[in-house]
Protein chains: 2
Amino acid sequence: MERDETRRGLVILYTGDGKGKTSAALGMLLRARGWEMRVVMRQFVKSRGLRAGEHRAALRLDVAIRAEGAGFTNRSEDRTADVAAARECWEACRAALADPTCDVLICDEITYPLRYGWLPVGEVLAALRDRPAHQHVVLTGRDALPELIDVADLVTEMRMCKHPHSLGVAAQKGVEF
Amino acid sequence: MERDETRRGLVILYTGDGKGKTSAALGMLLRARGWEMRVVMRQFVKSRGLRAGEHRAALRLDVAIRAEGAGFTNRSEDRTADVAAARECWEACRAALADPTCDVLICDEITYPLRYGWLPVGEVLAALRDRPAHQHVVLTGRDALPELIDVADLVTEMRMCKHPHSLGVAAQKGVEF
């Protein structure tokens, strides 16, 4: 792809408690692939090895979305596995943030490890600040720290107005995974 | 694809003034294509013949997104072309709503012709109600009519918290188109 160096990469944050945050990030992946931009996507919460619809379809667009979460067991107070998984996922994101061949980086559900203190926010902010000037970054997840909102160029809050779980409908293939 | 007839198709509405509504719909397209679900996507406002990033990438997933808008000229009070374009786009959506081989239908920016009275909302509601039971429908656009919110199973309002246009950054390839 020709890189237009006069363009400035944006930090885009999709937050809030409504559905559509990861879907919007996936839409950005699709759109960027239509221009042959190089996309990296890492998922902080979804369990390692997950192969849902988005993972399968993205492969057809030559993007290997990697889920790296420890699965949020909630079974113990020992967060060692969660912290290690967040660190590993972050190191992959940090490598992409230092890579000028990466045009779009999607850090899916990064707000959670930041909110829980599993990743130091200062380290994330510094890597965002120092990234290649053309690179777009998409961050998703509820309950974003104020520091993340400050650093983002575009912030959309997804507000849940109506949700099918409350209507007794199970999670559906092709909709939620 | 095997159809699981115990599943109920959902009507999903992405509305509000924030960015991410069409992107979220595109994410649903990607996810559904990962399961080989058949997706139809029509765009009520974007100009006919548009070939933006999403159109290009979707073709690689065997989905031909069709933009059918007259381009919202705003140059005259004569809305004949807009109304005709909305009608044509709606007829394509209505055909998909009657087609049991369509698993996911995306009506992008359908809220506008409904809000402007270019399409009768009763006709749209009836076609949604009578569609195949397994079919998911995604509706997008600002300022959805209350009748559309009522009929939707899942409604997310995208709230604009921060927008790059207000920061003097132009629309960017791979982000907004």
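As the structure is a computational prediction, the values presented were derived from the model and not from experiment.

### With respect to the overall build of chain A
A count of helices and strands for chain A gives six helices and six strands. When the 177 residues of chain A are sorted by exposure, 55% land in the buried category. Considering only intrachain contacts with a sequence separation of at least 6, the fraction spanning at least 24 residues in chain A is 77%. A total of about 7500 Å² of accessible surface is found on chain A, and carbon and sulfur atoms cover 50% of it.

### Some details on helix α2 (residues 53–60) of chain A
Among the residues of α2(A), A:Gly53, A:Glu54, A:His55, A:Ala57 and A:Ala58 are the ones counted as buried. Those residues of α2(A) that are buried are in contact with α1 (21–34), β2 (39–47) and β3 (66–69) of chain A together with α1 (21–34) of chain B. Looking at the residues trailing α2(A), positive phi occurs at A:Asp62, about 65°.

### Things to note about the relation of the copies chain B and chain A
Each copy superposes on the other: chain B lies on chain A with an RMSD of 0.0 Å after a rotation of 180° and an axial shift of 0.0 Å. Here the symmetry operator amounts to a two-fold rotation axis. A share of 100% of interface residues in chain B that are also interface residues in chain A marks the association as one of identical surfaces.

### Some words on helix α5 (residues 121–129) of chain A
Along an α-helix, residues three or four apart share an orientation, since each turn contains 3.6 residues. Residues and elements named next belong to chain A. Buried residues of α5: Val121, Val124, Ala127 and Leu128, and no others. Buried residues of α5, viewed axially, fall in a sector of 130°; they line one side. Residues of α5 that are buried sit in contact with α3 (80–97), α4 (111–115), β5 (136–140) and α6 (146–151).

### Digging into the sheet that holds strand β3 (residues 66–69) of chain B
If you trace the 12 strands from one edge of the open sheet to the other, you get β3(A)-β2(A)-β4(A)-β5(A)-β1(A)-β6(A)-β6(B)-β1(B)-β5(B)-β4(B)-β2(B)-β3(B), paired in mixed fashion. Either end of the sheet is taken by a strand with one partner, and the two such strands are β3 of chain A together with β3 of chain B. Ignoring which end each strand starts from, the neighbouring axes of this sheet average 15° apart. The pairing of β2(A) with strand β4 (residues 104–108) of chain A spans five bridges and is parallel. Paired with A:Met41 across the two strands is A:Ile106, which belongs to β4(A).

### Topic: the packing of α2(A) against α1(B)
Packing of α2(A) against α1(B) brings their axes to within 6 Å, and their N-to-C directions diverge by 90°. Taken as axis vectors, α2(A) and α1(B) run roughly perpendicular relative to one another. Residues A:Gly53, A:Glu54, A:Arg56, A:Ala57, A:Ala58 and A:Arg60 of α2(A) form the contact with α1(B), whose participating residues are B:Leu30, B:Arg31, B:Arg33 and B:Gly34. In terms of residue class, the contact of α2(A) with α1(B) is made up of three nonpolar, two polar and five charged.

### Considering the interface of chain B and chain A
Across the boundary between the two partners, chain B contributes 60 residues, which contact 60 residues of chain A. Taken over both partners, the interface formed by chain B and chain A buries close to 5100 Å², and the fraction arising from carbon and sulfur atoms is 59%. On the chain B side of the contact with chain A, B:Arg31, B:Trp35 and B:Arg60 bury the most area, a combined 16% of that side's loss. For the pair chain B and chain A, the number of links is eight salt bridges. Of the charged contacts, one joins A:Arg159 and B:Glu157 as a salt bridge, the two residues approaching to 2.4 Å between their closest N and O atoms. There are 21 residue pairs in polar contact (both at pLDDT 80 or more) connecting chain B and chain A. Mapped onto the side of chain B that touches chain A, the elements with two or more residues apiece are β1 (11–15), α1, α2 (53–60), α6 (146–151) and β6 (154–162) of chain B. The pairing of strand β6 (residues 154–162) of chain A with β6(B) spans seven bridges and is classified as antiparallel.

### Digging into the side chain of A:His136
On the secondary structure map, A:His136 appears in strand β5. There is a polar contact of 2.9 Å between the side chain of A:His136 and the backbone nitrogen of A:Leu10.

Conventions adopted
Residues numbered from 1 in each chain as written. Chains lettered and ligands numbered in written order. Predicted model: local features only at pLDDT ≥ 70, side-chain atom pairs only at ≥ 80, totals over all residues. Heavy atoms only, no water. Helix = DSSP H or I, 4+ residues; strand = E, 2+ residues; numbered from the N terminus. Buried < 20%, exposed > 50% of the residue type's maximum accessible area, 1.4 Å probe, protein only. Contact = heavy atoms within 4.5 Å. Areas by Shrake-Rupley, 256 points an atom, 1.4 Å probe, with all protein chains shown as cover. Least-squares fit on C-alpha atoms with pLDDT ≥ 70 in both. Arc of directions from axis to C-beta. Pairing = 2+ DSSP bridges. Axes fitted to C-alpha atoms, helices over the stretch in contact; angles between N-to-C directions. Parallel < 35°, antiparallel > 145°, perpendicular 65-115°, else oblique. Nonpolar A, V, L, I, M, F, W, Y, C, P; charged D, E, K, R; others polar. Buried area = accessible area lost by both parts, 1.4 Å probe. Salt bridge = Lys/Arg side-chain N within 4 Å of Asp/Glu carboxyl O. Polar contact = N/O pair within 3.5 Å; in protein donor to acceptor, adjacent residues only side chain to side chain.

It is worth stressing that arrangement in space is one thing and function is another; only the former is reported here.
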